[in-house]
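Structure assessment
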Amino acid sequence: MNKRASFIKTSDLTTSDLETSSEKLSATLPPLLIEAERVAATVFQGAHGRRHVGQGDEFWQYRHYSPGDSPRKIDWRRSAKSDPNSENSGIFIRQKEWESAQSLWLWNSNGPGMNWASDKNLVTKKHRASVLSLALAQLLVRGGEKVALAGSGSSPSNSRKNLYTIARQLENQQQEGQITEDNDQEVQPADRELPHGHRFSQHSALVCFSDFLAPLSEQKQIFANLAHRNLRVWLVQVLDPAEMNLPYVGRVKFQQPNSDREILHSDVESIRDLYIDRIRGHNKDLSRLVKKWGWNHILHTTDKSPESTLLTLYRSISERQNTFVHTREDKLSGMDMGKGDA
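Residues numbered from 1 in each chain as written. Predicted model: local features only at pLDDT ≥ 70, side-chain atom pairs only at ≥ 80, totals over all residues. Heavy atoms only, no water.

Considering the overall build of the chain
Each helix and strand counted, the chain has ten helices and nine strands in total. Out of the 342 residues belonging to the chain, those deemed buried represent 42%. (Helix = DSSP H or I, 4+ residues; strand = E, 2+ residues; numbered from the N terminus. Buried < 20%, exposed > 50% of the residue type's maximum accessible area, 1.4 Å probe, protein only.)

Structure (structure tokens):
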């Protein structure tokens, strides 16, 4: 007896049926993921096609042959050059970049000041940072990159399922950050703004989203520790526009996030110019500090659209990733030529 699968013709579905199915599907997705997908889709259309690292003949490094490896991957010329009397002898595999488990990590600050917006029509800095990081993850996964949220316990992956996982982790992080504020726990600013406790492998890439408003003296040591790991780092500084221009007038009471400390100023306008000079100086010093390690600093304010910042960030990462791969390839090829000459 022949069994036939039953299919529903699209023409049999009414507009109401399609809308209901769409609503049910959307309800299963994290709201943050839906918003990030919209932002990523806009940027993806405007971005130039990037070369997928590890595709085609993109070389990364050599490693010793292991049982189970395809013989077609053996580089016989490199294997013939090896000194049989040295530890670096044997049969070598020509390894592609994507096979070398290169990872790009995302870090979102959970500092108390991130859960703040100066106006009800603006999103919080934390929310914008989450949208930017998740949208970036979507673009990178499309390009075959392995991505993970630092400190989450998850391993980098380029699967679609991983995006769902990151979205849930970011949403949980937002809720935890709010709970921390409500409980009024004491938090060291730099400890929340930078991934000081996470162990990164050598030559990984890291993108940090934070307001980076902690004193630079506190952040400098953490920066130095990251630099020691030879990481490629991008700092995306997310600020509320009020933190840039101090738009308030008259008598204003300022309260430090997650603290009872308050400052009452009777005439905010009288200090506006001084404040603007100081915040601009802080940001300039931050940029100058990280650039000495070859890092990138991008400033974003929440009154601007996320798409332009995401496009700038994505292009920068694409260019630096490809440059890094070719630099490593040139160095390794040079080493092999030197051994051959010897």
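Having seen the model, we can carry on.
Some remarks on the pairing of strand β6 (residues 232-239)
The element β6 is largely enclosed, with a buried count of eight among its eight residues. Of the two faces of β6, the one holding Arg232, Trp234, Val236 and Val238 and the one holding Val233, Leu235, Gln237 and Leu239 are both buried throughout. Pairing analysis gives six bridges linking strand β5 (residues 205-210) to β6, with the strands arranged parallel. Directly across from Cys208, in β6, lies its bridge partner Leu235. For the segment spanning β5, helix α7 (residues 216-228) and β6, crossover handedness is right-handed. Two elements, β6 and strand β9 (residues 296-301), share six bridges in a ladder whose sense is parallel. Within β9, the position partnered with Trp234 by the bridge is Asn296. (Pairing = 2+ DSSP bridges. Right-handed = clockwise from strand over helix to strand, strands pointing away.)

A short note on the environment of Leu33
Tracing the chain through its elements places Leu33 in helix α2 (residues 31-46). Here the alpha-carbon distance between Leu33 and Ala135, two residues 102 residues apart in the chain, equals 8.0 Å. Dropping the residues within four chain positions of it, Leu33 is found in contact with Leu134, Gln138, Leu163, Tyr164 and Ala167. (Contact = heavy atoms within 4.5 Å.)

Brief notes about the packing of aromatic side chains
By the definition in use, this model includes four aromatic pairs. Residues Phe223 and Trp295 carry aromatic rings whose centres are separated by 5.8 Å and whose planes lie at 80 degrees to one another, so their mutual orientation is edge-to-face. Linking Phe223 in helix α7 with Trp295 in the loop between α9 (272-291) and β9, this pair joins segments that are 72 residues apart in sequence. A relative accessible area of 0% means that Phe223 is categorised as buried. By relative accessible area, Trp295 is classed as buried at 4%. (Phe/Tyr/Trp six-rings, centres within 6.5 Å; stacked < 30°, edge-to-face > 60°.)

Side note on the sheet that holds strand β3 (residues 104-108)
The five strands are arranged β4-β3-β5-β6-β9 in an open sheet whose pairing can be described as parallel. The sheet is open, and its two borders are formed by β4 (147-149) and β9, each paired with just one other strand. The average undirected angle you get between the axes of adjacent strands in this sheet is 20 degrees. Relative to β3, helix α4 (residues 125-142) is tilted by about 170 degrees, and along the sheet it contacts β3, β4, β5, β6 and β9. (Axes fitted to C-alpha atoms, helices over the stretch in contact; angles between N-to-C directions.)

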